Amino acid sequence: MMNERIQALAEQADNYAAGIVDQGGRFREAYTTKFVELIIQDCVDIIENSRIDSDKSVCLVGSTKCKIKQHFGVE
């Protein structure tokens, strides 16, 4: 069973993909891509919101966010 946040992200991805299908796109590909992007963005947001304000922490947070996005190929 998915937790509430995962369900909310899945619904967002579903709504996005439904719009893509209306434009002649493929639902599964659009849904999967959007769902993954939303999960990764949530992870990046968690990192951003849990940082400790110090110069070293700010650099570490920025670097970690970039590495996560690069690792998964998300802009």
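This is a predicted model, so every value here is computed, not measured.

Calculation rules
Starting from 1, residues in each chain are numbered consecutively following that chain's sequence as written. Local features are withheld for residues below a pLDDT of 70 in this predicted model, meaning they are given only at 70 or higher, and side-chain atom pairs are given and counted only at 80 or more; totals for whole chains, interfaces and linings count all residues. Side-chain calculation: all heavy atoms of the structure are included, whereas hydrogens and water are not. Working definition: helices are DSSP H or I runs of at least four residues, strands are E runs of at least two. Numbering for both runs from the N terminus. For every residue, the accessible area (1.4 Å probe, protein chains only) is compared with the maximum for its type, and the residue is labelled buried under 20%, exposed over 50%, or partly exposed between those bounds. Every residue pair with non-hydrogen atoms within 4.5 Å of one another is taken to be in contact. What makes a salt bridge here is a side-chain nitrogen of Lys or Arg within 4 Å of a carboxyl oxygen of Asp or Glu, nothing more.

A. Highlighting the overall build of the protein. Tallying secondary structure elements over the protein gives three helices and zero strands in all. Secondary structure elements in the protein, listed N-terminal to C-terminal, are α-α-α. Across the 75 residues that make up the protein, the buried fraction comes to 17%. Residue pairs in contact within the protein that sit at least 24 positions apart in sequence constitute 37% of those at least 6 positions apart.

B. Fine view of the pattern of salt bridges. What the rule picks out here adds up to two salt bridges. With a shortest N-O distance of 2.7 Å, D42 and R5 are connected by a salt bridge. Taken together, the residues D42 in helix α2 (residues 27–49) and R5 in helix α1 (residues 4–22) connect sequence positions 37 residues apart. The class of D42 is buried, set by a relative accessible area of 19%. Between E29 and R26 there is a salt bridge, and its shortest N-O distance comes to 3.3 Å. Looking at E29, the relative accessible area reads 46%, which means it is partly exposed. Relative accessible area serves as the criterion here: at 60%, R26 is assigned to the exposed category.

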